[in-house]
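# Close look at the chain arrangement
As a plain string of letters, each chain reads:
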There are 2 protein chains.
Amino acid sequence: MASSSSDIQKIPSTYKTKVSRNGNIAKLQAGYLFPEIRRRKAEHMLKYPDVQVISLGIGDTTEPIPEVITTAMAKRALGLSTVDGYTGYGGEQGEKPLRARIASTFYPNLGIDEDDVYVSDGAKSDISRIQVLFGSDVTMAVQDPSYPAYVDSSVIMGQTGQYQKDVEKFTNIEYMKCTPENDFFPDLSKVSRTDIIFFCSPNNPTGSAASREQLIQLVKFAKDNGSIIVYDSAYAMYASGDTPKSIFEIPGAKEVALETASFSKYAGFTGVRLGWTVVPKELKYSDGSPVAKDFNRIVCTGFNGASNVAQAGGLACLSPEGLEAMHQVVGFYKGNTKILVDTFTSLGFKVYGGIHAPYVWVHFPGQSSWDVFSEILEKTHVVTTPGSGFGPAGEGFVRFSAFGHRDSVLEACRRFQELYK
Amino acid sequence: MASSSSDIQKIPSTYKTKVSRNGNIAKLQAGYLFPEIRRRKAEHMLKYPDVQVISLGIGDTTEPIPEVITTAMAKRALGLSTVDGYTGYGGEQGEKPLRARIASTFYPNLGIDEDDVYVSDGAKSDISRIQVLFGSDVTMAVQDPSYPAYVDSSVIMGQTGQYQKDVEKFTNIEYMKCTPENDFFPDLSKVSRTDIIFFCSPNNPTGSAASREQLIQLVKFAKDNGSIIVYDSAYAMYASGDTPKSIFEIPGAKEVALETASFSKYAGFTGVRLGWTVVPKELKYSDGSPVAKDFNRIVCTGFNGASNVAQAGGLACLSPEGLEAMHQVVGFYKGNTKILVDTFTSLGFKVYGGIHAPYVWVHFPGQSSWDVFSEILEKTHVVTTPGSGFGPAGEGFVRFSAFGHRDSVLEACRRFQELYK
């Protein structure tokens, strides 16, 4: 179809608008970490079309969603074709029964009410909304290493200065070093005051979880400084024993913290998209106004609620059968984690994490994370995530995700044994 | 359960953090328009528990989703319980087959490729992401009246000054007056240059649609000024005849425009949540860098893709049967629109819109929109939307949404005939 108009369309355009590129986005380094990993995986598969590439990179769930949950989603979807079952716009904050069930399931007796819970399409989206909520003028702290969305969204909002290549940090962000030396919990006596403190526990990527005692310290630190903790508990169900599953288990936390969480890693909802954020009424700005009021405004202005079908799935997740099924899913991935931990331990590596989280954090002292990533990919065809992608204190580490079919994880471990024997 | 610890939780906390409230959010007036309407409706229902309240307010779809679409969603949901059907994270930009089908269905022969299409959870979310994309330093223009998310999200991003009560406008926004006097198309000779021009056609709330000739003027205006048009085509399928259904039908538009759209009003997806934004490769910042590259970064950093179940529904919408079913849904609501237009016309009102859009824009000269809203609600128990909620040029108008069951619309019209006879 070689019409002259379509020919014209093919001529590369040299026209530029007069709109300046957003200088904050220009500060970002390379691509967002996980698309970059995906790109390298695709490149590898082109190079080796016949090998079985195993992905222990992006923390992407692999096991089917329990039927009790998908059946509820299918029922809700089919109901939308009926006069009685049809629903249009729901509340931007989520459906009331789901908000109530989240409050009673995850925060029993913690003073979290249904209307403190904002259902979302996932924690990553909520992190961006939280950054829009706080705006450009706040200062922030992050664990180093940490999930890259915290830093990148902060840069995009203009909270930071430029990237400093020599130290691999943005100025105006307080990086709280979390390494084996400090049991992956920051030495708060060395941390400067910031307005916002992002804190993820159980942690992605190190797989460690803060103890009750450590979280009491963190809440005290926030309270002394008048800071707000943005607590990411997306892996809480992986925490064993007495390890806190919510920051709100710590007395006084409701005055200094909000918490974001997700169904992704419990029910295999990485593709279904469902999460939530809790903003307690007790959390207030310096002028005494509630943070929740502004968060509600952000949600109402820039979001229209999570998919009603996904919300039906979420409600089913929190039924007795759904909870049981989610515990089985979590248990399965914890089984994978143990296999990975045992393999690397037996090979003589220093292995961290893997007890309270589906991530295993392996030390390759003196080596560059990206070099180890490349070597493992080239020699074993296993995709991992380089620790330095999570921050400078991740250098020398590689994150192995426990999300995978059992036979893939076993096969990956066989290949690691071959490589490192 | 009167334990002392739960008693402590009930004592109102006086603690405040030292974090300053985001000054941009503080600039916003009252609540976001539609939750405010919902609140007034709920209040009315409490006052009159026994009357049948009819909602022609929020543009919320009411008709069941065609079965060909919900069946596909149910099938995808159930498939997630199988090893072969399970999928985790999809691309942040959406699933390839859906991106391709959107490009070929809505932009045939317009030079829009699959990878120019970014699938989202709806146009409202994308509008916020687009504001984050452009950042705080751009200037913007909006139609007056317009969908309130454009102005509110601009305020939140810090693109504006304070609200001026006397003129009911924010400083640093160019309000492009759209009234019967100018055929609801702004007099561009009086519009100052801005970086960004939000433009919605067919228009919410006025129900008017720009002609091809008018859009050629708009594209020329943008090109002369080096501006970027954010074109909202969420109601395109309601446009009749030769009325353009995409800004990309206008030659040269790809160099000056991006376009956001939605399945909400075609397939009844207001609750399912699915939309898309097209960012052509030809659209460039003043430094020559493609806008699409930065939009992709925003999407990857702050979003994890639309729900896979919703995307399966979207793909079914674009099958031959799905398209036919969507045309029937659109045709049904257009039937409602005609009933509303005929009713108000026969009652002697000046009636606008309703030909190319599911909104009827009725003039109540000399009256306050909120007063008319209140009178109609009080006397007919019908919820509408006051025109002034969309901007100062909407004062004296009321928007009637054509989204409703047929018998509700007929009953509402009977009540209007009684009120205004």
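Keep in mind the model is a prediction, meaning the values are calculated, not measured.

Right, let's get into the relation of the copies chain B and chain A. Note: a rotation about an axis with an accompanying shift along it relates these two copies of the chain. The transform that puts chain B on chain A rotates by 180 degrees and translates by 0.0 Å along the axis, for an RMSD of 0.0 Å. One copy is carried onto the other by what is essentially a two-fold rotation axis. For chain B, the smallest separation between a C-alpha atom and the rotation axis is recorded for Ala74 of chain B, amounting to 2.0 Å. Residue by residue, 100% of the interface of chain B is reproduced at the interface of chain A, so both copies engage with the same surface.

Attention now goes to the confidence of the model for chain A. Mean pLDDT for chain A: 95, with 97% of residues reaching 70 or above. Confidence drops under pLDDT 50 across residues 1–9 of chain A; counting only partners more than four residues distant or on other chains, this segment forms eight contacts.

The next thing to look at is the pattern of salt bridges. Tallying each qualifying case throughout the model produces 52 salt bridges over all chains. Of the charged contacts, one joins Asp294 of chain B and Arg21 of chain A as a salt bridge, the two residues approaching to 2.7 Å between their closest N and O atoms. Remark: Arg21 of chain A occurs in the loop between α1 (4–10) and α2 (23–27) and Asp294 of chain B occurs in helix α10 (residues 291–302); the pair is interchain, linking two chains. On the basis of relative accessibility, which here comes to 3%, the residue Asp294 of chain B falls in the buried class. Taking relative accessible area as the criterion, Arg21 of chain A reaches 25% and is therefore assigned partly exposed. The salt bridge involving Arg40 of chain B is made with Glu36 of chain B; its shortest N-O contact spans 3.1 Å.

All right, on to the interface of chain B and chain A then. Taken together, the contact between chain B and chain A spans 105 residues of the former and 105 residues of the latter. When the two sides are added together, the surface that chain B and chain A hide from each other amounts to roughly 8,100 Å², 53% of it contributed by carbon and sulfur. Inspection of the region where chain B meets chain A yields eight salt bridges. Close ionic contact of Arg38 of chain B with Glu92 of chain A constitutes a salt bridge, the shortest N to O distance being 2.5 Å. Inspection of the chain B/chain A interface yields 48 residue pairs in polar contact (both at pLDDT 80 or more). Taken together, the elements giving at least two residues each to the side of chain B that touches chain A come down to α3 (33–47), α4 (67–79), α6 (123–134), α7 (148–156), α8 (212–225), α10 and α11 (308–317) of chain B. A total of seven residues in the side of chain B that touches chain A trace back to one element, the largest contributor, which is α4 of chain B. Of the residues that constitute the side of chain B that touches chain A, the class distribution is 41 nonpolar, 40 polar and 24 charged.

Space inside the largest pocket adds up to approximately 850 Å³. Contributing to the lining of the largest pocket are 30 residues, with Tyr89 of chain A together with Arg38, Lys41, Ser55 and Asp60 of chain B lying nearest its centre. Considering each element in turn, the lining of the largest pocket owes the most residues, four residues, to α3 of chain B. Class assignment for the residues of the lining of the largest pocket results in 10 nonpolar, 13 polar and seven charged.

We now examine the environment of Thr343 of chain B. Residues and elements named next belong to chain B. Position of Thr343 among the secondary structure elements: in helix α12 (residues 320–346). Thr343 sits in the buried class, given a relative accessible area of 6%. When the C-alpha positions of Thr343 and Ala306 are compared, they lie 40 Å apart, and in sequence the two are 37 residues distant. Residues within four places of Thr343 in sequence aside, it is in contact with Cys413 and Gln417.

Residue and element names in this part refer to chain A. A surface patch of negative charge is lined by Asp166, Glu168, Asp371 and Glu395. Checked against the element boundaries, Asp166 lands in the loop between β4 (163–164) and β5 (169–170). The class for Asp166 is exposed, based on a relative accessible area of 68%.

Of the consecutive residues Asp144 of chain A and Pro145 of chain A, the connecting peptide bond is found in the cis state with omega at 10 degrees. Following the sequence through the fold, Pro145 of chain A ends up in the loop between β3 (140–144) and α7 (148–156). Going from Asn204 of chain B to Pro205 of chain B, the amide bond is cis rather than trans, its omega being 20 degrees. Along the chain, Pro205 of chain B falls in the loop between β7 (196–200) and α8. Although it is not a glycine, Phe184 of chain A sits at a positive phi angle of roughly 60 degrees. By secondary structure assignment, the location of Phe184 of chain A is in the loop between β6 (173–177) and β7 (196–200). Judged by relative accessible area, which is 8%, Phe184 of chain A ranks as buried.

Okay, the sheet that holds strand β14 (residues 385–386) of chain B next. Residue and element names in this part refer to chain B. Pairing is antiparallel across the open sheet formed by four strands, whose spatial order is β11-β12-β15-β14. Two strands bound the open sheet, and with one partner strand each, they are β11 (351–353) and β14. Here β11 runs beside strand β12 (residues 359–363); their pairing, made up of three bridges, is antiparallel. Looking across to β12, one finds that Tyr352 is bridged to Trp361.

One pass over the structure, following the stated rule, counts 64 aromatic pairs over all chains. Ring centres of Tyr238 of chain A and Phe403 of chain A lie 6.4 Å apart, and the angle between their planes is 85 degrees; this geometry places the pair in the edge-to-face category. Within this pair, whereas Tyr238 of chain A is found in the loop between β8 (228–232) and β9 (257–262), its partner Phe403 of chain A is found in the loop between β15 (397–401) and α14 (406–420), the two being separated by 165 residues in sequence. Comparing Tyr238 of chain A with Phe403 of chain A, the two get one shared label, buried. Plain terms: the ring middles of Phe134 of chain B and Tyr285 of chain B are 6.4 Å apart, the flat faces sit at 85 degrees to each other, and that makes the pair edge-to-face. Placement of Phe134 of chain B in helix α6 and of Tyr285 of chain B in the loop between β10 (275–278) and α10 is noted, with a sequence separation of 151 residues between them. A single burial state applies to Phe134 of chain B and to Tyr285 of chain B, both of which are buried. When the ring centre of Tyr118 of chain B is taken as reference, the NZ or CZ atom of Arg99 of chain B above it lies at 5.6 Å. Here Arg129 of chain B stacks its cationic end above the ring of Phe303 of chain B, 4.0 Å away from the centre of that ring.

What follows deals with the pairing of strand β2 (residues 117–120) of chain B. All names here are of chain B. Neither face of β2 is exposed, since Val117 and Val119 on one face and Tyr118 and Ser120 on the opposite face are all buried. The pairing of β2 with β10 spans four bridges and is classified as antiparallel. Paired with Ser120 across the bridge in β10 is Gly275.

This next bit is on the packing of helix α6 (residues 123–134) of chain A against helix α10 (residues 291–302) of chain A. All names here are of chain A. For the pair α6 and α10, interaxial distance at closest approach is 10 Å and the crossing angle is 115 degrees. α6 and α10 meet at a crossing whose hand is right-handed. Contacts from Asp126, Arg129, Ile130, Val132, Leu133 and Phe134 in α6 reach Val291, Asp294, Phe295 and Ile298 in α10. Classifying every residue of the contact of α6 with α10 by side-chain character gives seven nonpolar, no polar and three charged.

Rules and cut-offs
Residues numbered from 1 in each chain as written. Chains lettered and ligands numbered in written order. Predicted model: local features only at pLDDT ≥ 70, side-chain atom pairs only at ≥ 80, totals over all residues. Heavy atoms only, no water. Least-squares fit on C-alpha atoms with pLDDT ≥ 70 in both. Contact = heavy atoms within 4.5 Å. pLDDT = per-residue confidence, 0-100. Salt bridge = Lys/Arg side-chain N within 4 Å of Asp/Glu carboxyl O. Helix = DSSP H or I, 4+ residues; strand = E, 2+ residues; numbered from the N terminus. Buried < 20%, exposed > 50% of the residue type's maximum accessible area, 1.4 Å probe, protein only. Buried area = accessible area lost by both parts, 1.4 Å probe. Polar contact = N/O pair within 3.5 Å; in protein donor to acceptor, adjacent residues only side chain to side chain. Nonpolar A, V, L, I, M, F, W, Y, C, P; charged D, E, K, R; others polar. 1 Å grid on protein atoms, 1.4 Å probe; cavity = no way out; pocket = protein on both sides within 12 Å on 5 of 7 lines; lining within 4 Å. Points joined across faces, edges and corners; volume = space filled by probe spheres on them. Patch = residues over 30% accessible without salt bridge, like charges linked within 9 Å, V, L, I, M, F, W, Y side chains within 5 Å. Areas by Shrake-Rupley, 256 points an atom, 1.4 Å probe, with all protein chains shown as cover. Lys, Arg positive; Asp, Glu negative; His and termini not counted. Charge placed at Lys NZ, Arg CZ, Asp CG, Glu CD. Pairing = 2+ DSSP bridges. Phe/Tyr/Trp six-rings, centres within 6.5 Å; stacked < 30°, edge-to-face > 60°. Lys NZ or Arg CZ within 6 Å of the ring centre and 35° of its normal. Axes fitted to C-alpha atoms, helices over the stretch in contact; angles between N-to-C directions. Left-handed = near helix turned anticlockwise from the far one by under 90°.

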